Amino acid sequence: MPTDREEFLAGDRPDDVVIYITDDAIDDATKLETYGERVDEGTLLVIEGENGRNAFRAATGIDAMAFAKEAMGTDGEIGGDLTDGTCPEAGDGDDHDLQFVFAFSEAQNEDVGGLYAEGDVVHAYARCDCGTAYADKWVVAESA
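First, a word on scope: everything that follows refers to the structure included in this document.

Scoring rules and cut-offs
Residues numbered from 1 in each chain as written. Predicted model: local features only at pLDDT ≥ 70, side-chain atom pairs only at ≥ 80, totals over all residues. Heavy atoms only, no water. Patch = residues over 30% accessible without salt bridge, like charges linked within 9 Å, V, L, I, M, F, W, Y side chains within 5 Å. Areas by Shrake-Rupley, 256 points an atom, 1.4 Å probe, with all protein chains shown as cover. Salt bridge = Lys/Arg side-chain N within 4 Å of Asp/Glu carboxyl O. Lys, Arg positive; Asp, Glu negative; His and termini not counted. Charge placed at Lys NZ, Arg CZ, Asp CG, Glu CD. Helix = DSSP H or I, 4+ residues; strand = E, 2+ residues; numbered from the N terminus. Buried < 20%, exposed > 50% of the residue type's maximum accessible area, 1.4 Å probe, protein only. Pairing = 2+ DSSP bridges. Arc of directions from axis to C-beta. Contact = heavy atoms within 4.5 Å. Polar contact = N/O pair within 3.5 Å; in protein donor to acceptor, adjacent residues only side chain to side chain.

1. Quick look at a negative patch on the surface
Here's step 1: There is a patch of like negative charges on the surface, built from D24, D40, E41, D81, D84, D94, D95, D97 and D129.
Here's step 2: Position of D95 among the secondary structure elements: in the loop between β5 (85-86) and β6 (98-106).
Here's step 3: By relative accessible area, D95 is classed as exposed at 60%.

2. Focus on unusual backbone geometry
Here's step 1: Positive phi, close to 70 degrees, is recorded for L82, a residue that is not glycine.
Here's step 2: Looking at the secondary structure, you find L82 in the loop between β4 (77-78) and β5.

3. What to know about the pairing of β6
Here's step 1: Among the 9 residues that make up β6, 7 are buried, leaving the element largely enclosed by the rest of the structure.
Here's step 2: Relative to strand β7 (residues 121-128), β6 runs antiparallel, the two being bridged by 8 bridges. From the neighbouring strand, E106 faces β7, where its bridge partner is V121.

4. Examining helix α4 (residues 64-71)
An α-helical turn contains 3.6 residues, so a residue and the one three or four places further along point in the same direction.
Here's step 1: Within α4 the residues assigned to the buried category are A64, F67, A68 and A71. Looking down the long axis of α4, one finds its buried residues gathered within 100 degrees of arc, a one-sided arrangement.
Here's step 2: Buried residues belonging to α4 abut α3 (49-60), β6, β7 and β8 (133-139).
Here's step 3: Near the N-terminus of α4, the side chain that reaches the backbone nitrogen of M65, with its oxygen 3.2 Å away, is that of D63.

5. Side note on the pattern of salt bridges
Here's step 1: For the structure on display, the rule yields 8 salt bridges.
Here's step 2: R13 is the partner of D4 in a salt bridge, and the nearest nitrogen-oxygen pair spans 2.8 Å.
Here's step 3: Among the ionic pairs, E7 bridges to R13, the shortest N-O distance being 3.2 Å.
Here's step 4: A single network of salt bridges, built from pairs that share partners, joins D4, E7, R13 and D16.

Structure follows, in structure tokens:
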């Protein structure tokens with residue numbers, strides 16, 4: 001049986017959002033463990049849209065859509081599993097660590113064209129510990 005994250009990444013949970021928060025980004029990471037999937041260095045939660053945006057605000061102190069708008073201005077790379085990223089400000093030997101990711105998906109829309117005509121699209125937004133916010137997006141079929 002697929003996990004909530006696998007269903008989201010397959011495009012099967014378009015009404016949900018994903019929040020990944022590293023242990024270093026919050027005071028007490030154990031508070032989130034009962035709500036989500038424990039991964040290497042953090043917790044990943046798949047939550048219904050509005051509740052997910054509220055949970056993101058509660059965990060980070062930032063409005064989810066304002067964060068997405070900020071991050072859209074900078075292209076970066078966010079891993080297809082939504083738990084890692086490469087900060088665009090990182091240089092050779094620089095240590096840049098991911099703090100959190102917020103993601104949602106949009107259903108395929110041929111009328112819009114471009115990437116959206118190819119299939120469902122995952123939009124992911126990340127914050128690095130250096131303060132840089134960045135974005136990535138991909139067609140579900142490309143990451144599955």
